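Each chain, letter by letter, is given below.
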Amino acid sequence: MSKIVLEIKDLTLEFPIYGGAISAVNGVSLHVREGEVVGLVGESGSAKSVTAMMAMRLLPKDAFRIKSGTIEVLGRDAVAMSESAFKEMRGRDVTMIFQEPLTALNPTRKVGAQMISVIARHMKLDKRGARSHAVKLLTSMRINDAAEVLNRYPFELSGGMRQRILIGLAFACSPRLLIADEPTTALDVTVQMQVLQLLREKVRELNTAILFISHDLALVSQFCDRLYVMYAGSVVEAGPTLDVLADPRHPYTQALIRALPDSGVPGAPLRSIRGTVPTLTALPAGCAFRERCDYAFGDCTERPPLFPLEGQERFAACWQNIN
Amino acid sequence: MTATVGSNVILALSGVSVRFPAGADWLGRPTTHVHALNGIDIDVFAGETLGVVGESGCGKSTLAQVLLGLVRPTEGTIAGGSAGMQIVFQDPQSSLNSRMPVWRVITEPVFARSRRPVGELRRMAMELAAKVGLREEVLDRYPHEFSGGQRQRIAIARALASDPDVIVLDEPTSALDISVQAQILNLLQEMQRERHLTYVFVSHDMSVIRHMCSRLAVMYLGQIVEIGNTASILGSPRHPYTRLLQRSVPKLGEGKLNGKMESTELPSNRRLPGGCFFLDRCPHAVDLCRRPQALVDGVRCHRASVLTEMSSQ
Amino acid sequence: MMSEPQSAPMKKKTFVNGYLVYRLTRSPLTVIGSMMVVLVLVAVVLAPYFATYDPNVVDLRARLAAPSLMHFFGTDEVGRDIFSRVLYGGRQSIAVGVFVVLVAGSVGMVTGAISGLAGGRTDALIMRVMDIVLSVPSLVLIMALAAALGPSLINAALAIAIVRVPFYVRLVRGQALIVREMAYVKAAQIFRAKRLHILRWHILPNTLSPVIIQGSLDLGNTILLASALSFIGLGAQQPTAEWGAMVATGRNYILDQWWYSGFPGFAILFTATGFNFLGDGVRDILDPRQKAR
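Reading guide: rules and limits
- Residues numbered from 1 in each chain as written.
- Chains lettered and ligands numbered in written order.
- Predicted model: local features only at pLDDT ≥ 70, side-chain atom pairs only at ≥ 80, totals over all residues.
- Heavy atoms only, no water.
- Helix = DSSP H or I, 4+ residues; strand = E, 2+ residues; numbered from the N terminus.
- Rg over C-alpha atoms; globule rule 2.2 N^0.38 Å.
- Buried < 20%, exposed > 50% of the residue type's maximum accessible area, 1.4 Å probe, protein only.
- Contact = heavy atoms within 4.5 Å.
- Areas by Shrake-Rupley, 256 points an atom, 1.4 Å probe, with all protein chains shown as cover.
- Lys, Arg positive; Asp, Glu negative; His and termini not counted.
- Charge placed at Lys NZ, Arg CZ, Asp CG, Glu CD.
- Pairing = 2+ DSSP bridges.
- Axes fitted to C-alpha atoms, helices over the stretch in contact; angles between N-to-C directions.
- Core = buried A, V, L, I, M, F, W, Y, C linked by side-chain atoms within 4.5 Å.
- Buried area = accessible area lost by both parts, 1.4 Å probe.
- Salt bridge = Lys/Arg side-chain N within 4 Å of Asp/Glu carboxyl O.
- Polar contact = N/O pair within 3.5 Å; in protein donor to acceptor, adjacent residues only side chain to side chain.
- Nonpolar A, V, L, I, M, F, W, Y, C, P; charged D, E, K, R; others polar.
- Phe/Tyr/Trp six-rings, centres within 6.5 Å; stacked < 30°, edge-to-face > 60°.
- Parallel < 35°, antiparallel > 145°, perpendicular 65-115°, else oblique.
- Left-handed = near helix turned anticlockwise from the far one by under 90°.
- pLDDT = per-residue confidence, 0-100.

Side note on the overall build of chain A
Along the backbone of chain A there are 11 helices and 12 strands. For 323 residues, the compact-globule estimate of 2.2 N^0.38 gives 20 Å, and chain A sits close to it at 21 Å. Expressed as a percentage of its 323 residues, the buried residues of chain A come to 54%. A sequence separation of at least 24 residues applies to 63% of the contacts in chain A between residues at least 6 apart. When the accessible area of chain A is evaluated, it comes to approximately 13400 Å², of which 52% is carbon and sulfur surface. Treating the 37 positive side-chain charges of chain A as one cloud and the 34 negative ones as another, the clouds have centres 6 Å apart.

What follows is the structure, given as structure tokens:
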């Protein structure tokens, strides 16, 4: 078994707000190994992005309170580490890319200047070395005229181009872990395909692990080796992607797949999930999905643990699976 | 595409092109133009749901604006009721004014044109809200207090307020979660049945298109490159661009993606290519492709039938 | 106390009170600013109750008396109690501040909204007029206007208001240009809304926040400006109590009777600072609230 690069154990997090607190993350456990592409899937309010931002220590310090649990990044305690020690790691060994490339780049500086300053800082190179490294990175991202692109401003480039630049930057120091938060949601379908192929290549080449956050089940099914499904701040199902999608064992995962247009008949109504996501300020006791579940029964008033199922690393947090 | 005798064509575009001036010299005269639409011929039939797909720069937003009367075509004609048309936008955040209470948001199409007493407007709002599945309490609240799905319901109620015949839907569910999307799509279908509406459904999501649209138009660089029955286009795409799109769309449970890396750079729409617009990205290009391609039998590619034969061998 | 701000039908009043208080308490400067402003407003509005003497009563036996329990802030050269004069004088200053902000704000807002929405030649014309006003140094322009209109507090207020209008026009025009592109305005255009409708329902309400913010910051500065004008003799005239005028007269006595200029001067400082702190806080509350949810 290859080494674990990210391990979150039983993390519970809350955001104090006016009038109480939002229990954002509720006993979440997940892990990512070297060279794996792991998907984190969920709808709004599932806390998938929050979990990722916690792992990168990108949440503002006063905004949250950790009630329990640990986060280990590359074997080190991410919460206890000092800010400067983590800063060393972040950007070099652990990087993140986001949905909107335009806001990640400074619109008033040329792309080359931004890339060079990042590369020079993390890899301790001088300007010339950084520039040639930048050109190499862009070329590996299938960007023709890399030198020309370095001279452009971000707004002059297309969304797909910008995202490829950011991915290139993310891989500048050959990180061990890349966290990608909906990196292709804002891109056209053909560009998305290209970006994902590039990511796959990098994974193979550098043995980088990817934690891929998305709400697109079809995308995740074609890109991720393993999958975690999140709902209202907890992991409800986990396992190899194709297993989870072919044979979902949690009612939420089942309902989600049924609600897809692909699962429906054109012209006939789709099967939606009744009710709405519970507000995180007042989660119901017991299973968070209870009120929307077609199979709820007596035991569901108690919060179900993640039951291990047959198959490798296969889990579902539903009392039905106790048999 | 000519309308067949006896059919009910509610909108017809003929040779529509739209150019926007771009760049200015020191006298303020435009230096180049952005060619958003390049010769669109399309008929929309009453009661259908026509899908429009394409990627950025294909002109689908401009097409929507032309249909709604927001933009005048530089060339070509539109026939049909732009009076009875409404729109539902993609972004539920910016499509509703958060400074107006929901009952005013919903009835704005009505009181924007004529003065009505408040009581009448509120009653109208209540009826429409109930139709789209919103509770009465929402009427006095403000849009920013609601989730994306609820805001889209408000937007749909607003679109229905002026009793339109045609509604243009511009990516109405792209910003929504899967479960909410299902509810909204169901609502749209129900409204269509109840009120005999015609939809023009712009989207980049193939699975939504397949579910909602009976006919489909594929756009590339301001032209329609393929048009016809949705199931047949998605099942056996004929135009090389449609094929590329189909290949790139992730499908559930189809195994890991692999495949050749295609070039994805769109040609500029400031200086249009001479012949087929897809020429430099097409793996099957031949000399004849340097001539402008006409839309024949629903596809804009003179090699379409040859390629279909090739791929079925 | 609310526990579920999202699901229960909220009474708008509770939301405003409770949440507002919560947000205010997160920023100490805002709290300090609010307290300062409240103090000034209470003292000034309730001047008749707090004043120990009639501000215009002359008492030559007690002229230029130092601050004491009899006269908290001392007396001026004709024996008028400075404490009472400061309280009543505050009414003038606050009134001027409010007048300028209301007049400049509303005229500027409407003009800016029309300019931004209309575009084209209307916009160009309005902006050129504003540019002309802005091209003259504001203090010079104010003085010229005040002198031309005749020295009095109301004319000083008018002069300041005229000079401040272009700032609001530019502010609102910028916002209007943004709002004009929003999807809800496009939607309104699709259902053939008249421009007046768009102006009244979409542009104006969405440009109100920056105006309020600018206005609350302007209040403090206007008080300063009005006092400055009075100081040079263009604003309030004797025997009206007005802070700037008092500082001016007190100049002659400043070496031995520091309290004459000192207390009114401090009143100006205190009030202007309080409004500035409050204005910053108002901006913090109004701006991020838009992005809520």
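Topic: the sheet that holds strand 5 (residues 76-77) of chain A
Residues and elements named next belong to chain A. Taken together, the four strands give an open sheet; going across it, the order is 2-1-4-5, and neighbouring strands pair in antiparallel fashion. Looking at strand neighbours, the two that pair on one side only are strand 2 (20-33) and strand 5, the edges of this open sheet. For strand 1 (residues 4-17) and strand 2, the ladder comprises 11 bridges, and the chain directions are antiparallel. Directly across from L11, in strand 2, lies its bridge partner V28. In the packing of helix 1 (residues 48-55) onto the sheet, contacts are made with strand 1, strand 2 and strand 4 (65-73), and the angle to strand 1 comes to roughly 115 degrees.

Notes on the nonpolar core
Judged by nonpolar contacts, the single largest core of 123 residues is most densely connected at M115(A), I165(A), L199(A), F212(A), L188(B) and F201(B). If sequence neighbours within four positions are ignored, F212(A) has contacts with V38(A), G39(A), L40(A), A180(A), P183(A), T184(A), L196(A), L219(A), V220(A), F223(A) and C224(A). In terms of nonpolar packing, the next biggest core, distinct from the first, is built from 73 residues, L50(B), L67(B), V86(C) and Y168(C) among them.

With respect to the interface of chain A and chain B
The interface is formed by 43 residues belonging to chain A together with 37 residues belonging to chain B. For the pair chain A and chain B, the summed buried area comes to about 3700 Å², and 56% of that belongs to carbon and sulfur atoms. The tally of links from chain A across to chain B stands at one salt bridge. When the shortest N-O distance is used, the salt bridge between R210(B) and D262(A) registers 2.3 Å. The tally of links between chain A and chain B comes to 13 residue pairs in polar contact (both at pLDDT 80 or more). Listing elements by their share of the side of chain A that touches chain B, those giving two or more residues are helix 8 (189-206), helix 9 (217-223), helix 10 (241-246) and helix 11 (251-258) of chain A. Counting residues per element, the side of chain A that touches chain B draws most heavily on helix 8 of chain A, which supplies 10 residues. The residue inventory of the side of chain A that touches chain B, partitioned by class, reads 23 nonpolar, 13 polar and seven charged.

Describing the interface of chain C and chain B
On the chain B side, the residues contacting the 24 residues of chain C number 27 residues. When chain C packs against chain B, the two sides together hide about 2400 Å² of surface, and 57% of this comes from carbon and sulfur. Our count for the chain C to chain B interface comes out at zero salt bridges. Seen at the junction of chain C and chain B, the total is nine residue pairs in polar contact (both at pLDDT 80 or more).

Points about the pattern of salt bridges
Proximity of charged atoms lets side chains of opposite charge pair with each other. Residue and element names in this part refer to chain A. Taken as a whole and assessed by the stated rule, the structure comprises 39 salt bridges over all chains. Across the salt bridge formed by R200 and D225, the nearest N and O atoms sit 3.3 Å from each other. In this pair, R200 is assigned in helix 8 and D225 in the loop between helix 9 and strand 9 (226-231), connecting sequence segments 25 residues apart. Overall, D225 belongs to the partly exposed group, its relative accessible area being 27%.

Remarks on the pairing of strand 5 (residues 85-88) of chain B
Residue and element names in this part refer to chain B. With burial as the criterion, each face of strand 5 is covered, one bearing M85 and I87 and the other bearing Q86 and V88. Inspection of the sheet shows strand 5 paired to strand 6 (residues 166-170) by four bridges, in the parallel sense. Directly across from M85, in strand 6, lies its bridge partner V166.

A few points about the sheet that holds strand 12 (residues 315-316) of chain A
Sheet strands line up and pair through hydrogen bonds in the backbone, either parallel or antiparallel. Residues and elements named next belong to chain A. Ordered in space as 6-7-8-3-9-10-12-11, the eight strands form an open sheet in which the pairing is mixed. Every other strand in the sheet has two partners, leaving strand 6 (94-97) and strand 11 (307-308) as the edge strands with one partner each. Here strand 9 runs beside strand 10 (residues 234-240); their pairing, made up of six bridges, is antiparallel. Considered in strand 10, the bridge of M230 is made with V235. Packed onto the sheet, helix 1 meets strand 3 (37-41), strand 6, strand 7 (177-181), strand 8 (209-214) and strand 9 and runs at close to 150 degrees relative to strand 8.

Focus on helix 1 (residues 60-68) of chain B
All names here are of chain B. The buried count for helix 1 comes to seven of nine residues, which makes it a mostly enclosed element. Looking only at helix 1, the buried set comprises K60, T62, L63, A64, V66, L67 and L68. Within two residues after helix 1, G69 carries a phi angle of roughly 85 degrees, on the positive side.

A look at unusual backbone geometry
Residue and element names in this part refer to chain A. Positive phi values are uncommon outside glycine, yet A47 reaches one of about 75 degrees. On the secondary structure map, A47 appears in the loop between strand 3 and helix 1. Judged by its relative accessible area of 10%, A47 is buried. Phi at R57 is positive, roughly 55 degrees, even though this residue is not glycine.

As for the environment of F155(A)
All names here are of chain A. Residue position: F155 is located in the loop between helix 6 (146-150) and helix 7 (159-170). Looking at F155, the relative accessible area reads 59%, which means it is exposed. In this structure the C-alpha to C-alpha distance between F155 and K110, which are 45 residues apart in sequence, comes to 9.7 Å. In contact with F155, other than residues within four places in its own chain, are P107 and R162.

Quick word on the packing of aromatic side chains
Residue and element names in this part refer to chain C. Taken as a whole, this structure holds 17 aromatic pairs over all chains when the rule is applied. Considering the side-chain rings of W258 and W259, the 5.9 Å spacing of their centres and the 80 degrees angle between planes classify their relative orientation as edge-to-face. Of the residues examined, W259 reaches a relative accessible area of 7% and is grouped as buried. Aromatic pair W258 and F263: ring centres 5.6 Å apart, planes at 40 degrees, arrangement tilted.

So, the packing of helix 2 (residues 28-45) of chain C against helix 4 (residues 82-118) of chain C
All names here are of chain C. Remark: helix 2 packs on helix 4, axes separated minimally by 8 Å, with the N-to-C direction vectors making an angle of 115 degrees. As far as their axial angle goes, helix 4 and helix 2 are roughly perpendicular. As for how helix 2 packs across helix 4, the hand of that crossing is left-handed. Two secondary-structure elements touch here, helix 2 through V40, L41, A43, V44 and V45 and helix 4 through L87, G90, R91 and I94. Here the contact of helix 2 with helix 4 is built from residues that sort into seven nonpolar, one polar and one charged.

A word on the confidence of the model for chain C
Residue and element names in this part refer to chain C. Averaged over chain C, the pLDDT score is 82; the fraction of residues at 70 or greater is 88%. In this model, residues 1-13 is a region of pLDDT below 50 whose contacts with residues beyond four sequence positions or in other chains number 17 contacts. Long-range and interchain partners of residues 289-293, a stretch whose pLDDT sits below 50, account for nine contacts in this model, where long-range means more than four residues apart. For this predicted complex, the interface confidence reaches an ipTM of 0.85, while the overall pTM sits at 0.82.

Thoughts on helix 1 of chain A
Extensive coverage of helix 1 of chain A is indicated by the burial of six of its eight residues. When helix 1 of chain A is considered as a whole, its buried residues turn out to be K48(A), V50(A), T51(A), A52(A), M54(A) and A55(A).

Description of the environment of V282(C)
Inspection of the secondary structure puts V282(C) in helix 11 (residues 258-289). Discounting residues that sit within four places of it in the chain, V282(C) has contacts with I212(C), I213(C) and S216(C).

Points about the side chain of S34(C)
Residue and element names in this part refer to chain C. Within the secondary structure, S34 is located in helix 2. Of the residues examined, S34 reaches a relative accessible area of 17% and is grouped as buried. Polar side-chain contacts of S34 include one of 2.4 Å to the backbone oxygen of T30.

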